[in-house]
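# Architecture and fold: a report
One-letter residues, chain by chain:
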Amino acid sequence: MRRRKTLVRAGLAATASALALTAAGFAGPAQAAPAAAGVDCDGWVHNNNPDHGIAGCSNNTDRTITFRAEVVCGWAPDVSGQWVTLAPGQYGESSGVCAIYSSGVGSVGWTIQ
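Here is what the cut-offs are and how they apply
Residues numbered from 1 in each chain as written. Predicted model: local features only at pLDDT ≥ 70, side-chain atom pairs only at ≥ 80, totals over all residues. Heavy atoms only, no water. Helix = DSSP H or I, 4+ residues; strand = E, 2+ residues; numbered from the N terminus. Buried < 20%, exposed > 50% of the residue type's maximum accessible area, 1.4 Å probe, protein only. Contact = heavy atoms within 4.5 Å. Areas by Shrake-Rupley, 256 points an atom, 1.4 Å probe, with all protein chains shown as cover. Pairing = 2+ DSSP bridges. Disulfide = S-S within 2.5 Å.

Let us now look at the overall build of the protein chain. Helix and strand counts for the protein chain stand at 1 helix and 7 strands. Each helix and strand of the protein chain, ordered N terminal to C terminal, gives the series α-β-β-β-β-β-β-β. Residues counted as buried form 26% of the 113 residues belonging to the protein chain. By sequence separation, contacts in the protein chain at least 24 residues apart represent 58% of the contacts at least 6 residues apart. In the form shown here, the protein chain has an accessible surface area of approximately 7,700 Å², with 58% of it arising from carbon and sulfur atoms.

Here you go:
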């Protein structure tokens, strides 16, 4: 009988812990990572090739930045473009091409280091 009560208490404690963690997980929406201040970027799909995604960034900061395109491909693995380093005041582009069996570029984002 004692073992049964211990198991019931352990089960109740585990359930309470799981509910607390679940409630904490739903407390609020996840916050997106802040954009790098002073860096203006835009993403688009190439006019003549729906499998080619391009990201362009302007560095309006007083320090060097590095970025690359992050291309979401439909029905194929996503691709990352080449790293591009920009000095203050420069503009540059990074691009990636989805596999031939892709349904095309779904979206284009960028990663800034």
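Here we take up unusual backbone geometry. Notably, Trp75 is not glycine yet its phi reads approximately 60°, a positive angle. By the secondary structure assignment, Trp75 is in the loop between strand 3 (65-74) and strand 4 (79-80).

Across 7 bridges, the pairing between strand 1 (residues 39-45) and strand 2 (residues 52-59) is antiparallel. Each bridged residue has a counterpart across the sheet, and for Asp42 the counterpart in strand 2 is Gly56. What sits between strand 1 and strand 2 in their antiparallel hairpin is a turn of 6 residues.

Here the focus is the state of the cysteines. One pass over the full model with this rule turns up 2 disulfides. Here Cys41 engages in a disulfide with Cys57; their sulfurs sit 2.0 Å apart. The chirality of the disulfide connecting Cys41 with Cys57 is right-handed, given an S-S dihedral of about 110°. A residue pair is termed long-range when its members are at least 10 positions apart, and Cys41 in strand 1 and Cys57 in strand 2 qualify at 16 residues. Classification of Cys57 by relative accessible area gives buried; the value is 0%. A sulfur-sulfur distance of 2.0 Å marks the disulfide that ties Cys73 to Cys98. Looking along the S-S bond of the Cys73-Cys98 disulfide, the torsion reads about -85°, which is the left-handed sense.

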